[in-house]
Amino acid sequence: MTVYACPICSNPLSKNGRVLCCPTNHTFDVAKEGYVNLLPANRKRSLEPGDNAEMVSARGRFLGAGYYKVLADALVRLMERPHRLADLGCGEGYFTAAFCDVASEVYGLDISKVAVRAACKQSRGQFVVASTMRLPFLSGMFDAVTVIMAPTSPDIPRILKKGALLCRVSPGERHLFELRELAYSEVRAVKQPPMEIDGLTNVSCEQVRFKILLSSDGLVDLITMTPMQFRTSKEFRERISQLDEFCVTTDFRVDLFRKDS
């Protein structure tokens, strides 16, 4: 059974060999890496939207070193062994790969083609290039959806089954606080107001906070993979690269929502 909807006409996409096709004959080739690109050219805001190769490589090294394994383990614990899960804004696929241990079918989606190509190499999930704001999935297909440090689409309730879960991870109040103290003249705790999503009920909110001791390379990768790369000076990044190690707080807020109807 297909889960994909044509991004042009919204009809179901069926697979025929290495091609996805809808009843109105819109076709999409499956890339040699295994992903399918369902982001129409007229919906791109740039030639190559999303994270670039430098950011994807940095994130791959950082997450591959195990710095966020505590978070990955916590998210896997929260999942109720869903049959079909979609990881929206999946990036290079680190968390997507973890979800493959608890879900029968896992789909990763990201707007960055570079990220999706990387994800295909480390996870047995199925991957698609698309925007989280216009999800190319049929309605009511998923038992669980995860959004980890990525925008939350108003289209998510549509693709969830009744009783399905949405797990949303956002920065906590103290996330990377020590690093931000070095980077900026004034640092404030990140305040997250209670989140409401039409059609979903917030059933729990957990904090996952832990400290990590970063090597010099890990610290550079952390900055490169986050918006800090664009919000800090070249001088700051050069100074950071000279540190042998650095201890920083990671703080995540994990909201769990359920679709009741």
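In the block above lies the structure referred to throughout.
All of the points below concern the structure found in this document. As the structure is a computational prediction, the values presented were derived from the model and not from experiment. (Residues numbered from 1 in each chain as written. Predicted model: local features only at pLDDT ≥ 70, side-chain atom pairs only at ≥ 80, totals over all residues. Heavy atoms only, no water.)

**Points about the overall build of the protein**
So, step 1. Counting secondary structure elements, the protein contains nine helices and 11 strands.
So, step 2. Here the C-alpha atoms of the protein give a radius of gyration of 19 Å, agreeing with the 18 Å that 2.2 N^0.38 yields for 261 residues.
So, step 3. On the principal axes, the C-alpha backbone points of the protein span a range of 55 × 40 × 30 Å.
So, step 4. Scored against the burial criterion, the 261 residues of the protein give a buried share of 50%.
So, step 5. Roughly 13000 Å² of accessible area belongs to the protein as shown, and the carbon and sulfur atoms make up 49% of that amount.
So, step 6. Of the charged side chains in the protein, 34 are positive and 30 negative, and the gap between their average positions amounts to 5 Å. (Helix = DSSP H or I, 4+ residues; strand = E, 2+ residues; numbered from the N terminus. Rg over C-alpha atoms; globule rule 2.2 N^0.38 Å. Buried < 20%, exposed > 50% of the residue type's maximum accessible area, 1.4 Å probe, protein only. Areas by Shrake-Rupley, 256 points an atom, 1.4 Å probe, with all protein chains shown as cover. Lys, Arg positive; Asp, Glu negative; His and termini not counted. Charge placed at Lys NZ, Arg CZ, Asp CG, Glu CD.)

**Here we look at the sheet that holds strand S1 (residues 14-16)**
So, step 1. If you walk across this open sheet you meet the three strands as S1-S2-S3, and the pairing is antiparallel. Looking at which strands have only one partner, the edges of the open sheet turn out to be S1 and strand S3 (27-29). Across this sheet, the average inter-strand angle for adjacent strands is 30 degrees, counted without regard to direction.
So, step 2. The pairing of strand S2 (residues 19-21) with S3 spans three bridges and is classified as antiparallel. The residue of S3 that forms the bridge with Val19 is Asp29. (Pairing = 2+ DSSP bridges. Axes fitted to C-alpha atoms, helices over the stretch in contact; angles between N-to-C directions.)

**Comments concerning the pairing of strand S8 (residues 142-148)**
So, step 1. Of all the seven residues making up S8, six are buried; the element is thus mostly covered by neighbouring parts of the structure.
So, step 2. As paired strands, strand S5 (residues 84-88) and S8 are joined by four bridges and run parallel to one another. Looking at the pairing, Leu85 lines up with Ala144 of S8.
So, step 3. With six bridges joining them, S8 and strand S9 (residues 160-171) adopt parallel strand pairing. When the bridges of S9 are listed, Val147 appears paired with Arg168.

**A word on the environment of Val169**
So, step 1. Looking at the secondary structure, you find Val169 in strand S9.
So, step 2. Sequence separation between Val169 and Pro151 is 18 residues; the distance between their C-alpha atoms is 10.0 Å.
So, step 3. Apart from the residues within four sequence positions on either side, Val169 is in contact with Leu71, Leu75, Val147, Ile148, Met149, Phe252, Arg253 and Val254. (Contact = heavy atoms within 4.5 Å.)

**Focus on the packing of aromatic side chains**
So, step 1. In total, this model carries 11 aromatic pairs according to the counting rule given.
So, step 2. Between the aromatic rings of Tyr4 and Phe137, the centroid separation amounts to 5.8 Å while the plane-to-plane angle is 20 degrees, which identifies the pairing as stacked. Here Tyr4 is found in the segment before S1, whereas its partner Phe137 is found in the loop between strand S7 (126-129) and S8, with 133 residues between them in sequence.
So, step 3. Using a relative accessible area of 1% as the deciding quantity, one classes Phe137 as buried.
So, step 4. Relative to Phe95, the ring of Tyr94 lies with its centre 5.1 Å away and its plane at 80 degrees, an arrangement referred to as edge-to-face. (Phe/Tyr/Trp six-rings, centres within 6.5 Å; stacked < 30°, edge-to-face > 60°.)

**Side note on the state of the cysteines**
By definition, a disulfide links two cysteine residues through a covalent bond between their sulfur atoms.
So, step 1. Under the definition given, this model contains zero disulfides.
So, step 2. Cys22 supplies the cysteine sulfur nearest to Cys21, a cysteine that is in no disulfide, at a spacing of 5.7 Å. (Disulfide = S-S within 2.5 Å.)

**Details of the side chain of Asp255**
So, step 1. Mapped onto the secondary structure, Asp255 falls in strand S11 (residues 245-259).
So, step 2. A relative accessible area of 0% means that Asp255 is categorised as buried.
So, step 3. Setting aside residues up to four positions removed in sequence, Asp255 forms contacts with Leu166, Cys167, Arg168, Asn202, Ser204 and Cys205.

**Some remarks on the sheet that holds S9**
So, step 1. Pairing in this open sheet of eight strands is mixed, and the strands run S4-S7-S6-S5-S8-S9-S11-S10 from one edge to the other. The outermost strands of the open sheet, each flanked by one partner alone, are strand S4 (36-37) and strand S10 (200-215).
So, step 2. By the bridge criterion, seven bridges tie S9 to S11 in an arrangement that is antiparallel. Of the residues in S11, the one forming a bridge with Pro171 is Phe252.
So, step 3. Most of the contacts of helix H4 (residues 113-122) go to S7, to which it runs at about 170 degrees, and overall it touches S4, strand S6 (105-110) and S7.
So, step 4. Against the sheet, helix H7 (residues 216-224) contacts S10 and S11, and its axis sits at roughly 140 degrees relative to S10.

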